[in-house]
Amino acid sequence: MGYGIKLKVWGDYACFTRPEMKAERVSYDVITPSAARGILEAIHWKPAIRWVVDRIHVLKEIRFENFRRNEVGSKISAANVKKAMNGNTVALYQSVEEDRQQRAALLLRNVAYVIEAHFEATDKWGERDTPEKHYNMFLRRAREGQCYHRPYLGCREFPAQFELLEGELPASSLRGERDLGWMLWDIDYADGMTPRFFRPTMRNGVIDVERLAQGGGVR
Amino acid sequence: MILQALYDFYERMTADPGSGMPKTGYSKAKVFFALNLSASGDLLDLFPLYDVVKNKKVARELDVPEQIKRSSGISPNFLCDNSAYVLGIDEKGKPERALKAFEAFLQLHEEVFAGVDDEGAQAVLTFLRRRKPGVIDEPQWSDARNELLEGGNLVFRLDGSPGYIHDRPSVQHAWIGYTAKRESSEKGQCLVTGEWGPVARLHPAIKGVWGAQTAGASLVSFNKDSFESYGKEQSINSPVASHVASGYGAALNYLLGSKRNKVQIGDTATLFWAEREASVEESIIGTLIDPAELEDDEAPKDGRRYDPLAAEWVRQVLRDVRDGNHVLDQDARLDSSVRFYILGLSPNAARLSVRFWHVDTFGSLVERFVQHFRDMSIQLPVGGRWPEYPAIWRILKETAVQGERKNVLPQLGGTLARSILLGTAYPQALYQAILVRIRAEHEINPVRAGVIKAHLLRNARIYGSIKGEEALTMALNDQSTHPGYLLGRLFALLEKVQQEALPGINATIRDRYFGAASATPASVFPLLLRNAQHHLAKVEYSIYLEKKFQEIMAGLSEFPAHLNLNDQGFFMLGYYHQRQSFYTKKNDKEE
């Protein structure tokens, strides 16, 4: 179902954090399918549709850079928020000065990708939903640079520029085959938010997520 | 990728029994004593396992059943623990705690050894069951009591049979069976192997990274709740199968403990290993990352890895390149396609952070290093002991106040190493730090001059040619008309004239004017030239020097008010080249 779309995204920095190196962040080599889905959802999403990423084109050389930032160590406790909602008096603030955590990160530098994706209907699909409607909504929004929230490359602090691709695919500077190792594919929200991993191979800069998903590359 | 490569390394090493890599379920620990038990569970002897080196006890490292990461609670280790757990003797004035520890220790062994028919296991059980914790009644112990209380680990031996009890096959079997059962009930897809199975809750402690906690730091950790996502706790955030977690931990500890696969660069512990058995190639890469050993043929003092064959090979390759043979000789003994992993780890308190991660083939790594050394090459002073091929740590040292490692910018080691490995532009911070040090100390040594040259040369190659590129050579280029370069040469000449006229003065123009001359030439050069006229009047061979002045001044139309950072680099290079040429001129004439 649905029409395929092609979106070019790029930015100065990106960090598709590996779950195993999440405290001292290390990025994956390329964008993950779930991060690509997140970008599409920032532009157009309704409960009636679900984006499925088919292919990812990596346009630029993979380059890393180190960064060290002052971040915060703790989260506001959910239990405290609940207490406050029940009318109790609790302190719900966070004092960043007292809760500093310095964290290093190995980020990607100067990235550009083309995301090829289509959408599928969910069980929220109503009578007034048609594939043409959602497709054209996406096209219009992407052409005009509209988004619900700023799309980002892995982390909120690394915003993504985007552009709808309606003509030829730009050429990738990457050649040859590259095993990317096991990467996060997506989170299974229906099953206790379990992470699912897949093992993509990049051929001449193209990662064929669709074929992997069909061929059992995703378990 | 990192964990995957480490786990592959672990699997490769465990396949070879002589590699020194601990087996599954085992890890290295420092042990001070072995308790020798009889088959009936009596304590016969106490064997010290430590050596005394310079009045300090150095414990022996043994492969023991994997130990638990301890914080404050009581958690016993299997068959290897300190005196509080093994004997119940108290060391910190808390007898109740020691008693509890001993009970937990006994409890653990009862559980693991349940139904195990092994002489060693039975001896340990009877020994533990019979003990009165907190009391020492065997006479031969009274002497050793204080030593036992120091808190070192103890292991068990069975009298009359070789090895330790924890190495007996049936004991190993029981232990591995127990650990498999103890594993967390959480299941998930392992992000290293992709298989479904039990997931490690805590990852092993990694020891041996300089500057990290001595008890060990974690590469994979979630020690603050802001690091956790989706309501998951600890390492459930990053599902890694238990055996993979302990495997990559063992591999990392092995690499960090090895002299062959590790080089310290600034604050970064740099580990490198080949994807398969390639010991000669590993030595060569080690020599290229840290070529300090090329200078001395004698074995290095602190027992650093040294492979004379690799050193010779590297020396030959670098010599070929210096002499203009640009093609790397293909050596039949070496496999240039073998893939190498290079990992830079730096400490951040209880965690480790990855500074860089690089995968490349042996052949292309060698080329990158050769390129680096070629860019860095510079004429050395006669008779000085300067490295022809400066190591990365040597370069970093030149950027630091007082040349101390702790003063090196924290990120510089990683970024410099990465630029060398990838063949990209050197970090701007390195160039700037070197300029700052030169201005502060008025001292340009060959390493600093080499960095300036290499930085400008690489930028010119990568970002397109720059003015004055022709001066970026090993030695003086008297054809270059780059104003910064000429001013640097002129300054060296002015200094020379002053030295000839007033030998042995306390503060030369270099001490007084170097900073200003390199940044704002227009403000000092007229003054310096006026003074030089007086100096020239005193010098014997003033005609030769005056000719030199004219030669350099001919290329200069005016004194620029400012020199930018690039031009300052040219200034310093010109100064260095001109100075070196004063000393080598004589040799040329003799020839």
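Because the structure is a prediction, the values reported are computed rather than measured.

### Things to note about the sheet that holds strand β12 (residues 339-348) of chain B
All names here are of chain B.
Consideration 1: What the 4 strands build is an open sheet, ordered β10-β11-β12-β13; its pairing is antiparallel. Each edge of the open sheet is held by one strand with a lone partner, namely β10 (262-265) and β13 (351-361). In this sheet, adjacent strand axes meet at a mean angle of 20 degrees when their direction is disregarded.
Consideration 2: Relative to strand β11 (residues 268-274), helix α1 (residues 2-14) is tilted by about 55 degrees, and along the sheet it contacts β11, β12 and β13.
Consideration 3: Lying over the sheet, helix α12 (residues 412-422) contacts β10, β11, β12 and β13, oriented at roughly 10 degrees with respect to β13.

### Here's the deal with the interface of chain A and chain B
Consideration 1: Contacts between the two partners involve 37 residues from chain A and, on the opposite side, 39 residues from chain B.
Consideration 2: In total, chain A and chain B occlude about 3,400 Å² of area from one another, counting both sides; carbon and sulfur atoms represent 52% of this.
Consideration 3: In this structure, the connection of chain A to chain B is made through 1 salt bridge.
Consideration 4: With its nearest N and O atoms 2.7 Å apart, the salt bridge here joins E24(A) to R351(B).
Consideration 5: Here chain A and chain B share 18 residue pairs in polar contact (both at pLDDT 80 or more) between them.
Consideration 6: Elements represented by at least two residues in the side of chain A that touches chain B include exactly β4 (64-72), β5 (100-121) and β9 (194-198) of chain A.
Consideration 7: When residues of the side of chain A that touches chain B are assigned to their parent elements, the largest contribution, 6 residues, is made by β4(A).

### Thoughts on the pattern of salt bridges
Consideration 1: This structure, assessed with the given rule, holds 38 salt bridges over all chains.
Consideration 2: For E120(A), the salt bridge is made with R50(A), and the minimal N-O distance between the two is 2.7 Å. Of the two residues, E120(A) is situated in strand β5 and R50(A) in strand β3 (residues 49-58); the sequence distance between them amounts to 70 residues.
Consideration 3: You can call E120(A) partly exposed: its relative accessible area is 26%.
Consideration 4: Between E398(B) and R448(B) there is a salt bridge whose closest N-O contact spans 2.9 Å. Taken as a pair, E398(B) in the loop between α11 (392-397) and α12 and R448(B) in helix α14 (residues 446-463) lie far apart in primary sequence, 50 residues in all. Here the two residues E398(B) and R448(B) agree in accessibility, since each one is buried.
Consideration 5: Through salt bridges that share partners, R25(A), R69(A), E71(A), R103(A) and E157(A) make up one connected network.

### Considering the domain arrangement of chain B
Residue and element names in this part refer to chain B.
Consideration 1: Each assigned domain of chain B is listed with its residue range as follows: domain 1 (20-181), domain 2 (183-257), domain 3 (262-431) and domain 4 (474-582).
Consideration 2: Between domain 2 and domain 3 the total buried area reaches about 1,400 Å² when both faces are included, carbon and sulfur atoms providing 68% of it.
Consideration 3: Here domain 2 and domain 3 share 0 salt bridges between them.
Consideration 4: Our count for the contact surface shared by domain 2 and domain 3 stands at 4 residue pairs in polar contact (both at pLDDT 80 or more).
Consideration 5: Residue composition of the side of domain 2 that touches domain 3, by class: 10 nonpolar, 6 polar and no charged.

### Some remarks on the environment of Y152(A)
Residue and element names in this part refer to chain A.
Consideration 1: For Y152, the position within the fold is in the loop between α3 (131-144) and β6 (161-164).
Consideration 2: Note: C-alpha distance between Y152 and A14 (138 residues apart in sequence) is 8.2 Å.
Consideration 3: What Y152 contacts, discounting residues up to four positions off in sequence, is I39, F158, P159 and A160.

### Comments concerning the environment of G363(B)
Consideration 1: Topologically, G363(B) is positioned in helix α10 (residues 362-376).
Consideration 2: Sequence separation between G363(B) and N506(B) is 143 residues; the distance between their C-alpha atoms is 52 Å.

### Considerations on the side chain of S27(B)
Consideration 1: Mapping S27(B) onto the fold places it in strand β1 (residues 26-37).
Consideration 2: Contact partners of S27(B), with chain neighbours within four places excluded, come to P22(B), L62(B), D63(B), V64(B), P65(B), E66(B) and Q67(B).

### Digging into the nonpolar core
Consideration 1: If you look at the biggest cluster of nonpolar residues, it comprises 89 residues, and the most contacted ones within it are L7(A), Y113(A), W273(B) and V354(B).
Consideration 2: Taken together, domain 2 (183-257) and domain 3 (262-431) of chain B each give at least three residues to this core, which thus spans both.
Consideration 3: What V354(B) contacts, discounting residues up to four positions off in sequence, is M21(A), V26(A), N66(A), L106(A), I2(B), L219(B), L343(B), G344(B) and L345(B).
Consideration 4: With 86 residues, the next largest nonpolar core counts I284(B), A310(B), A449(B) and A532(B) among its residues.

Rules behind the numbers
Residues numbered from 1 in each chain as written. Chains lettered and ligands numbered in written order. Predicted model: local features only at pLDDT ≥ 70, side-chain atom pairs only at ≥ 80, totals over all residues. Heavy atoms only, no water. Pairing = 2+ DSSP bridges. Helix = DSSP H or I, 4+ residues; strand = E, 2+ residues; numbered from the N terminus. Axes fitted to C-alpha atoms, helices over the stretch in contact; angles between N-to-C directions. Contact = heavy atoms within 4.5 Å. Buried area = accessible area lost by both parts, 1.4 Å probe. Salt bridge = Lys/Arg side-chain N within 4 Å of Asp/Glu carboxyl O. Polar contact = N/O pair within 3.5 Å; in protein donor to acceptor, adjacent residues only side chain to side chain. Buried < 20%, exposed > 50% of the residue type's maximum accessible area, 1.4 Å probe, protein only. Domains from an automatic or database assignment. Nonpolar A, V, L, I, M, F, W, Y, C, P; charged D, E, K, R; others polar. Core = buried A, V, L, I, M, F, W, Y, C linked by side-chain atoms within 4.5 Å.

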